[in-house]
Amino acid sequence: MSTQDDASGAGSLSPEGRDGPGSAGGPEGAGHPDSPAVLDGLSSPDGTELELRAPVRDDGSTPLVLVLGATGYIGGRLVPRLLAGGYRVRTLTRAASRTRALPWADDVEIVEGDAKDREAMNGAMAGVDIVYYLVHSMSSGRSYGRTDREIALAVARSAADQRVGRIVYLGALHPAGIELAPHLASRKEVGDILLASATPTIVLQAGVVIGAGSASFEMIRHLTEVLPYMPAPQWVRNEIQPIAVRDVVHYLLATARAPDGVNDAFDIGGPDVMTYAEMMNGYAAVAGLPRRGITALPVLTPGLASHWVGLVTPVPSSIARPLVESLLHTCVVDDDRIHDVVPEPDGGTTGYREAVELALGRIELDQVETSWVDARVAGAPSDPMPSDPDWAGRTVFTDARTKDSTASPDAVWKVISEVGGSTGWYSASVLWAARGLMDRVAGGVGHRRGRRVKGKVRVGDAIDVWRVERVDRGRLLRLRAEMRVPGKAWLELGVDPTPDGSHYHQRAVFFPRGLTGRLYWLSMLPFHGLIFSGMVNRIVALAEDAAGDD
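As the structure is a prediction and not an experimental result, all values here were calculated from the model.

1. Thoughts on helix α4 (residues 118–125)
Thinking step 1. Of all the residues in α4, the buried ones are A120, M121, N122, A124 and M125.
Thinking step 2. If you follow the buried residues of α4, they end up packed against β2 (64–68), β3 (88–93), β4 (109–112), β5 (130–133) and α5 (144–161).
Thinking step 3. Here α4 starts with a cap whose side-chain oxygen sits 3.1 Å from the backbone nitrogen of E119, and that cap is D117.
Thinking step 4. Looking one or two residues beyond α4, the residue adopting positive phi is G127, at roughly 80 degrees.

Here is the structure:
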């Protein structure tokens with residue numbers, strides 16, 4: 001999925017930015033005050049701005065939009081704003097359960113299927129006016145170029161078959177006339193395929209996107225905060241033109257109302273042209289940190305640099321590598337032809353430092369809308385845990401622990417729902433950190449991936465080395481391991497009411513793969529006693545302490 005960001009600069013740390021949410025009004029259905037997207041207080045733009053609202057046809061209907069990549073970083077921000085603007089929205093997803101967990105799920109039509117499947121794509125595009133193409137496969141391993149090509153061809157064919165009016169593709173800013181790094185070459189190829197199709201296509205070519213929760217922003221943030229001095233590759237001297245996520249969303253919304261028949265690629269960027277080193281020190285200035293010393297070294301290849309980023313930041317090397325490759329070239333906006341087609345954001349595009357300040361404000365208030373951490377991880381187990389009867393006849397190891405509490409179920413659930421991320425795992429933090437480091441060295445996501453927000457949990461969210469597989473709110477949280485293990489692992493945390501308070505229950509489940517999996521479980525048993533018993537006791541104690549304070 002997309003790894004772009006959202007941000008802002010000089011001014012207050014208000015998550016709404018300079019404009020705040022747009023006012024509801026206009027045509028019926030466009031930004032209606034009862035719209036969940038509007039009531040959620042989206043930051044600017046929120047989709048209800050006059051120039052971004054859905055046009056209303058003579059029969060009172062509005063365009064039907066298909067969003068590919070609706071659960072990604074950009075797609076997750078675009079969909080609620082399309083709804084607020086009055087558009088009808090359909091999504092295509094491989095996991096409908098993940099989409100149904102999102103706050104706007106009841107307001108969209110969800111179609112389950114694979115983007116590479118011709119039949120599924122044709123069905124999803126039936127009757128569609130506009131397709132937003134926001135998927136790319138840079139987290140799917142080294143084959144991402146082939147995967148992106150297959151999806152682009154499937155989209156182009158289906159859009160022509162179903163007589164779609166327009167495709168809007170979010171690509172990457174790149175220089176012309178040179179051999180591009182693999183990631184940029186793949187993004188360009190997708191744009192070229194769509195532009196050569198029978199459907200009018202607008203390709204928006206964006207540079208480094210700055211915003212709370214984006215992989216690019218997290219790379220900048222953690223490299224700057226962790227390292228007072230940084231030996232860096234030569235690309236830290238290349239000029240790039242970052243863009244705030246709010247401006248990316250503006251251009252995406254605005255292209256839905258561009259003149260018919262436009263078929264072209266357009267560069268989009270913020271007002272600042274700077275080097276990556278200047279971006280890091282710009283972040284340091286906004287965050288109140290001393291200026292960082294940065295030395296460019298010719299020996300750091302993209303591969304070595306991505307592993308370095310993977311060790312220092314929460315971004316794993318599998319995602320860091322294509323991001324690093326994107327920085328190998330000077331990537332700046334060649335012209336402003338986009339403003340011949342759509343209006344510029346009100347007040348102009350957002351400066352880099354303002355974008356950083358807005359992003360930090362969202363993080364500080366725990367109001368990050370979307371995050372790179374929720375992207376799927378290549379090679380991670382994706383099957384749901386089998387139901388208990390299906391365990392018959394197969395090897396399974398479990399660690400089950402329970403404890404009664406005088407705290408209410410709500411108090412215990414609050415502690416459960418905040419697990420991971422900045423809160424930690426309530427026990428043996430050194431052991432959790434060591435296990436995460438082992439996973440990162442092995443090429444996994446590692447323990448520092450964190451979570452999108454602290455106080456809310458939903459299906460599909462990432463929490464450190466785990467993925468939320470099931471949430472029975474107030475009762476059960478099931479996590480599926482995405483760490484590198486010889487088998488498949490789950491962790492369940494749950495609570496049930498009792499006459500005297502509540503009953504906390506916890507279960508680790510492991511399906512070993514071969515002899516290695518069995519030896520792995522046995523080797524971990526001594527640590528389970530420290531980790532899991534400590535979790536039980538600490539979770540119950542925190543819930544009871546909170547109940548006592550009340």
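That covers the picture; the talk isn't over yet.
2. Some points on the packing of helix α7 (residues 215–226) against helix α11 (residues 317–325)
Thinking step 1. At a closest axis distance of 11 Å, the pairing of α7 and α11 adopts a crossing angle of 90 degrees. Between α7 and α11, the crossing angle belongs to the class labelled roughly perpendicular. Taking contact as the criterion, the partners of A215, S216 and M219 in α7 are, on α11, I319, L323 and V324.
Thinking step 2. In the contact of α7 with α11, the residues fall into five nonpolar, one polar and no charged.

3. Structural notes on the side chain of T224
Thinking step 1. When you line up the elements, T224 lands in helix α7.
Thinking step 2. Take T224: its relative accessible area is 0%, and that puts it in the buried class.
Thinking step 3. Dropping the residues within four chain positions of it, T224 is found in contact with M280, Y283, A284, L289 and R292.

4. Quick word on the packing of helix α9 (residues 276–287) against helix α12 (residues 352–364)
When two helices pack together, their arrangement is given by the angle between the helix axes and by the axis-to-axis distance.
Thinking step 1. Two numbers describe how α9 lies on α12: the axes approach to 9 Å, and their chain directions differ by 55 degrees. For the element pair α9 / α12, the angle class is oblique. In this structure, α9 crosses over α12, and the sense of that crossing is right-handed. Within the contact between the two elements, α9 uses M279, M280, G282, Y283, A285, V286 and A287 and α12 uses Y352, R353, V356, E357 and L360.
Thinking step 2. Residues that form the contact of α9 with α12 fall into these classes: nine nonpolar, one polar and two charged.

Definitions and limits used
Residues numbered from 1 in each chain as written. Predicted model: local features only at pLDDT ≥ 70, side-chain atom pairs only at ≥ 80, totals over all residues. Heavy atoms only, no water. Buried < 20%, exposed > 50% of the residue type's maximum accessible area, 1.4 Å probe, protein only. Helix = DSSP H or I, 4+ residues; strand = E, 2+ residues; numbered from the N terminus. Contact = heavy atoms within 4.5 Å. Polar contact = N/O pair within 3.5 Å; in protein donor to acceptor, adjacent residues only side chain to side chain. Axes fitted to C-alpha atoms, helices over the stretch in contact; angles between N-to-C directions. Parallel < 35°, antiparallel > 145°, perpendicular 65-115°, else oblique. Nonpolar A, V, L, I, M, F, W, Y, C, P; charged D, E, K, R; others polar. Left-handed = near helix turned anticlockwise from the far one by under 90°.

None of the figures reported here should be taken as evidence of function without further support.
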